[in-house]
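Analysis of the macromolecular model
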Amino acid sequence: FKEKLGDDYFDRMLKNSSFEKRIGQDYLISFIQDIVNFHKENNSNAYKKITFLEFGCGAGWRTAEIKDKFNFKCYGVDPSKKAISHAKKNYPNVNFSTGSVTKVSSKLYGKIDIVFFGFCLFLVDQIDLFEVASITNKLLKPNGHIILMDFDTKNTYKKQFYKTNLFSHKMNFSSLFLWHPFYSICKFTSFTHKSNNITNDQDEKIGMYLINKYVRG
C-alpha cells in the first residue's frame, strides 16, 4: 500500500461522517475493557502498564481515545505522511510514526500487550501477510492480545481498490494466527458499515476478533 495511496485514502476518510469514522470503536473499547478486567480478576497489575499499538491508525483519533480512556502507552503507525502529520498535531500525547507492520521498529519487539489492526490488512499485499503474522508475533509479549477489525468474509476474494490499478484482498485474517497453538480466539462480534443490522453483502460485513497469545513453558 503505497504512501501516495495512503494519503488519498486518508483524505477520503477525513471527509466521512462522524458515525462512519467511529465504526467499531465501541466494540474496540469493550474488547480492551475485557483485557483489563482479565488482569484485575487474576490479581495482576499488568493492566496499569499496558502498551497498545495500532496499525493503520489514520488520523489517530482511535489511538488517542484509547490513550485517554485507559491511560495506556500508545503507538500509532500508518503509511500516510498526511495522516501521521495530522495525528501528531492533534494528539501530541501519543507516539505516531509513518510506516507499516513490515517496517516497524524492532525496538518494539516483545514490548506490546495489544496489537490492533483497524481495517488495514485487506490492503496488504498478499505475499506480505506471512511477514505480517511473523512480526506481530515478535511484537507481542508472551500473553499479549491481537484485536483485528476487517471485512467479515468466509471466502477469499479480491476487488479493485477504488479507481486505482491496485486490488484489495479480503479473507478471514484471523487465520493468520489461529493456526498456531499459541493463539486462540477469546471473542468475536460482527456488524456492518451502516448499522448492526444483518446483511449478506460481503463488502458491508465487518468482523472484530479478540485473539489471545499464550506461550506455554
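Presented here is an overview of the structure given in this document. (Residues numbered from 1 in each chain as written. Predicted model: local features only at pLDDT ≥ 70, side-chain atom pairs only at ≥ 80, totals over all residues. Heavy atoms only, no water.)

Glancing now at the nonpolar core. By size, the foremost hydrophobic cluster in this structure holds 58 residues, and its most contacted members are Ile 32, Phe 55, Ile 66, Phe 72, Phe 117 and Ile 147. In contact with Phe 117, not counting residues within four places along its chain, are Phe 55, Val 101, Val 132, Thr 136, Ile 146, Ile 147, Leu 148, Met 149 and Phe 177. (Core = buried A, V, L, I, M, F, W, Y, C linked by side-chain atoms within 4.5 Å. Buried < 20%, exposed > 50% of the residue type's maximum accessible area, 1.4 Å probe, protein only. Contact = heavy atoms within 4.5 Å.)

In the contact formed by helix H3 (residues 25-41) and helix H4 (residues 61-70), the axes pass within 11 Å of each other and the chain directions differ by 40 degrees. Our classification of the angle between H3 and H4 gives oblique. As for how H3 packs across H4, the hand of that crossing is right-handed. Together, Gln 25, Leu 28, Ile 29, Ile 32, Gln 33 and Val 36 of H3 and Trp 61, Arg 62, Glu 65, Ile 66, Lys 69 and Phe 70 of H4 make up the contact between the two elements. Taken together, the residues of the contact of H3 with H4 break down into 7 nonpolar, 2 polar and 3 charged. (Axes fitted to C-alpha atoms, helices over the stretch in contact; angles between N-to-C directions. Helix = DSSP H or I, 4+ residues; strand = E, 2+ residues; numbered from the N terminus. Parallel < 35°, antiparallel > 145°, perpendicular 65-115°, else oblique. Left-handed = near helix turned anticlockwise from the far one by under 90°. Nonpolar A, V, L, I, M, F, W, Y, C, P; charged D, E, K, R; others polar.)

By convention here, two paired aromatic rings are described through the distance between centres and the angle between planes. According to the stated counting rule, one finds 9 aromatic pairs in the structure shown. Taking the centre distance of 5.6 Å and the plane angle of 20 degrees together, the rings of Phe 55 and Phe 117 count as stacked. A residue pair is termed long-range when its members are at least 10 positions apart, and Phe 55 in strand E1 (residues 51-55) and Phe 117 in strand E4 (residues 112-118) qualify at 62 residues. Note on Phe 55: relative accessible area 1%, which makes it buried. Classification of Phe 117 by relative accessible area gives buried; the value is 1%. Plain terms: the ring middles of Phe 177 and Tyr 183 are 5.8 Å apart, the flat faces sit at 50 degrees to each other, and that makes the pair tilted. Both residues of the pair, Phe 177 and Tyr 183, belong to the buried class. In this structure an aromatic cluster arises from ring pairing among Phe 119, Phe 122 and Phe 151. One cation-aromatic arrangement involves Lys 69 over Phe 70; the distance from NZ or CZ to the ring centre is 5.9 Å. Note that Lys 170 overlies the ring of Phe 151, its terminal NZ or CZ placed 3.9 Å from the centroid. (Phe/Tyr/Trp six-rings, centres within 6.5 Å; stacked < 30°, edge-to-face > 60°. Lys NZ or Arg CZ within 6 Å of the ring centre and 35° of its normal.)

Keep in mind that these numbers describe shape and distance, not what the molecule does.
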